[in-house]
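Given next are the chains, with one letter for each unit.
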Amino acid sequence: LVSIACFVIKTISVALISSPTEYFIFEFDIIKNKGLIMGWLSNYPMLVKAIMVGFLVLFCYMLYKSSRMYHQIPRLYIVAPWLLVTGLTGNMADMLINGYVTDYISIRQPWIEPFFFNIDDVLIQLGAILFTFQVIFSNSTLDKIYKRK
């Protein structure tokens, strides 16, 4: 449902944003990103799609493994894979339907190099940060989930 909501937000943003608009520290504009992060590999669309599918399979596996342990682990351990799958699903849907990912938000500050992102990117980053903290601070629970020794 969250992926659908993010896709609807992208669609509405495309319809509403006709020219760059600044609001507080944010700038809203439509950027068609045919690559990965910040347009990386945009000249290789098939490779970009293959990488996205590979990560989606990995994140779905993580979600599957953690959800099977739902009653034996803290609920927080299901949130990271869920955020990763949700964000990547939204970006993949955009890429497959349009041939590019629609980025529409930028943070404008003198000390930050301008870059554009969307809500799905935020979900992916939050999931990656949360998973990193889980790896650093609670390796024993991850061992239980993924049956590592």
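The structure displayed is predicted, hence computed values, not measured ones.

**Q** Is there a simple way to think about the overall build of the protein in this case?
**A** Within the protein, the regular secondary structure consists of 5 helices and 4 strands. Ordered by position in the sequence, the α and β elements of the protein form the string α-β-β-α-α-β-β-α-α. Its C-alpha atoms give the protein principal-axis dimensions of about 55 × 35 × 25 Å. Taking all 149 residues of the protein together, the buried fraction comes to 37%. For the protein, contacts bridging at least 24 residues in sequence account for 63% of all contacts bridging at least 6. With an accessible surface of roughly 9,300 Å², the protein has 69% of that area assigned to carbon and sulfur atoms. Across the protein, the mean location of the 12 positive side-chain charges is 19 Å away from that of the 9 negative side-chain charges.

**Q** Mind showing me how you'd approach the nonpolar core here?
**A** One broad trend across soluble globular proteins is that nonpolar side chains are buried collectively. Of all hydrophobic cores here, the largest spans 13 residues; its most connected members are Met-52, Phe-59 and Leu-88. Contributing elements (two or more residues each) for this core: helix H2 (45–68) and helix H3 (76–98). Discounting residues that sit within four places of it in the chain, Phe-59 has contacts with Pro-81, Leu-84, Val-85 and Leu-88.

**Q** What should I look at first to understand the sheet that holds strand E1 (residues 21–23) in this one?
**A** Two orientations exist for strands paired in a sheet by backbone hydrogen bonds: parallel and antiparallel. One open sheet accounts for 4 strands, arranged E1-E2-E3-E4; its pairing is antiparallel. The open sheet is flanked by E1 and strand E4 (116–117), the only strands paired with a single partner. Here 2 bridges tie strand E3 (residues 101–107) to E4, and the two strands are oriented antiparallel to one another. Following the sheet pairing, Ile-105 is matched in E4 by Phe-117. The strands that helix H1 (residues 2–16) touches are strand E2 (26–33) and E3; relative to E3, the one it contacts most, it runs at about 75°.

Thresholds applied
Residues numbered from 1 in each chain as written. Predicted model: local features only at pLDDT ≥ 70, side-chain atom pairs only at ≥ 80, totals over all residues. Heavy atoms only, no water. Helix = DSSP H or I, 4+ residues; strand = E, 2+ residues; numbered from the N terminus. Buried < 20%, exposed > 50% of the residue type's maximum accessible area, 1.4 Å probe, protein only. Contact = heavy atoms within 4.5 Å. Areas by Shrake-Rupley, 256 points an atom, 1.4 Å probe, with all protein chains shown as cover. Lys, Arg positive; Asp, Glu negative; His and termini not counted. Charge placed at Lys NZ, Arg CZ, Asp CG, Glu CD. Core = buried A, V, L, I, M, F, W, Y, C linked by side-chain atoms within 4.5 Å. Pairing = 2+ DSSP bridges. Axes fitted to C-alpha atoms, helices over the stretch in contact; angles between N-to-C directions.

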